[in-house]
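What follows is the residue order along each chain.
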Amino acid sequence: MLQPPPAEPGMREEEVDTPALLLDLDAFEANLDAMAALLAPTGAKLRAHAKTHKSAVIARLQMARGAVGQCVQKVAEAEALAWGGIPDILVSNQVVGGRKLARLAALAKISSVAVCADDAEQVATIAAAAEAGGVRIPMLVEIDCGAARCGVAPGPAAVALAETIAASPHLRFGGLQSYHGSAQHKRTPEERAAAIGHAAEVTRRTVEQLRQRGLDCPIVGGGGTGTFGLEAASGVYTEIQAGSYAFMDGDYARNQAPPPFRHSLFVLATVMSRAIPGVAVVDAGHKAVAIDSGLPLVHDRPGLRYVGASDEHGKLLVEDGNAPALGERLRLVPGHCDPTVDRYDWYVGVRGGRVECLWPIAARGGMA
Ligand code: PLP
Ligand code: MN
């Protein structure tokens, strides 16, 4: 159930009820501008990943700065964006199951919605759903370019699957999905360059083999916040799928030569206990902030270290003797932004210490 917003426009940040998901609008807009400026000279376009923000509002802001569309990871995210007016969506993932495919085909009537496949059985079931819905669905072949998650092998297996897609009157071959997930958080630039060098090479070869069989790739998609500069410079990728860049989480900040973005997303928390000397406890535990990629950082308070999360408690050590007051608000930088966003109904947009806007997180929640 949608919760009422924790704030109203015009309120001071200290008045926002907590825990709340705060978006620092100056930092956020600077991140969107920085990505647009970095990609402009490369020729690669941004198709930002909406699994991070789950919001048609943010999608529109990205597209106003030149993004050609949005990626999503599941049908429910595609629905939130299509119903929010986003015209060009790629499900950068496989979709299996009759109900989901019927929903996908229904969406294809209001937006362009492409989807990926790494198995001929998916091609057959999606073609059947497209036929039943009276639509033609663009389909990309996902290749495994190094992460060993999803994807057929690059080369002949990918070409065979592309030919199966191209043979269906209910589908259109849309190109290649070639995302290297495990490269994003490799800590050194050398490791990231090696991983994406390999990914770009196997992708390049597959594009070439497809061309020899008369199949063009309108989209060659991949790249995330940790490596997008490498894919964009490769000359192989046409679309970059970074998502976290808009918010810049704590884990990306731990990369060496980290991506050049500012932390813009915070969980605002209130200090609710100081009973133990040297300890402060906030009302944001791991139900309020995702900890799968490490504990949150306390923003702009280097003397405070978040050391333990339970359901509704966050334990901070006071390392510089400068204990926060009871009731004091602290900004926490999530270790991982995507699942943190998924815990909230509203972005509370702030600028200059005041609440400026409240944006619904329309695609949040467990629905696939
Ligand atoms: N593209 C795909 C298919 C992904 O699964 C992801 C993240 O897992 C991304 C792009 C990039 O995400 P981010 O920039 O948030 O790391
Ligand atoms: Mn993520």
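Predicted model, so just to flag it, every value in this text is computed and none were measured. (Residues numbered from 1 in each chain as written. Chains lettered and ligands numbered in written order. Predicted model: local features only at pLDDT ≥ 70, side-chain atom pairs only at ≥ 80, totals over all residues. Heavy atoms only, no water.)

(A) Geometry of the pattern of salt bridges. If you walk through the whole model with that rule in mind, you get 24 salt bridges. Note that K54 and D342 form a salt bridge whose closest N and O atoms lie 3.4 Å from each other. Within this pair, whereas K54 is found in the loop between α2 (50–53) and α3 (56–64), its partner D342 is found in the loop between α11 (337–341) and β16 (346–351), the two being separated by 288 residues in sequence. Residue class for K54 comes out buried when judged on its relative accessible area of 5%. Overall, D342 belongs to the partly exposed group, its relative accessible area being 24%. Here E319 and R305 are joined by a salt bridge, their closest N and O atoms 2.7 Å apart. Of the two residues, E319 sits in the loop between β14 (314–318) and β15 (329–333) while R305 sits in strand β13 (residues 304–309), which places them 14 residues apart along the sequence. Residue classification places E319 among the partly exposed residues on the basis of a relative accessible area of 45%. Several salt bridges share partner residues, and in doing so they unite D26, E29, R351 and E356 into one network. (Salt bridge = Lys/Arg side-chain N within 4 Å of Asp/Glu carboxyl O. Helix = DSSP H or I, 4+ residues; strand = E, 2+ residues; numbered from the N terminus. Buried < 20%, exposed > 50% of the residue type's maximum accessible area, 1.4 Å probe, protein only.)

(B) Here's a closer look at the site of ligand 1. Near ligand 1 lie 16 residues; those nearest to it are K51, T225, G243, S244 and Y252. Between ligand 1 and T225, the relevant distance is 2.6 Å, taken from an oxygen atom to a side-chain nitrogen or oxygen of the residue. Y252 is positioned such that a nitrogen or oxygen atom in its side chain is 2.5 Å from an oxygen atom of ligand 1. Isolated, ligand 1 exposes 390 Å² of accessible area, and the fraction of that covered by the protein chains is 93%. Residue composition of the shell around ligand 1, by class: three nonpolar, eleven polar and two charged. (Near = heavy atom within 4 Å. Polar contact = N/O pair within 3.5 Å; in protein donor to acceptor, adjacent residues only side chain to side chain. Areas by Shrake-Rupley, 256 points an atom, 1.4 Å probe, with all protein chains shown as cover. Nonpolar A, V, L, I, M, F, W, Y, C, P; charged D, E, K, R; others polar.)

(C) Representation of the side chain of T188 in the model. Relative to the helices and strands, T188 is located in the loop between β7 (171–177) and α8 (189–212). A distance of 3.0 Å separates the side chain of T188 from the side chain of E191, its partner in a polar contact.

Geometry only, nothing functional implied.
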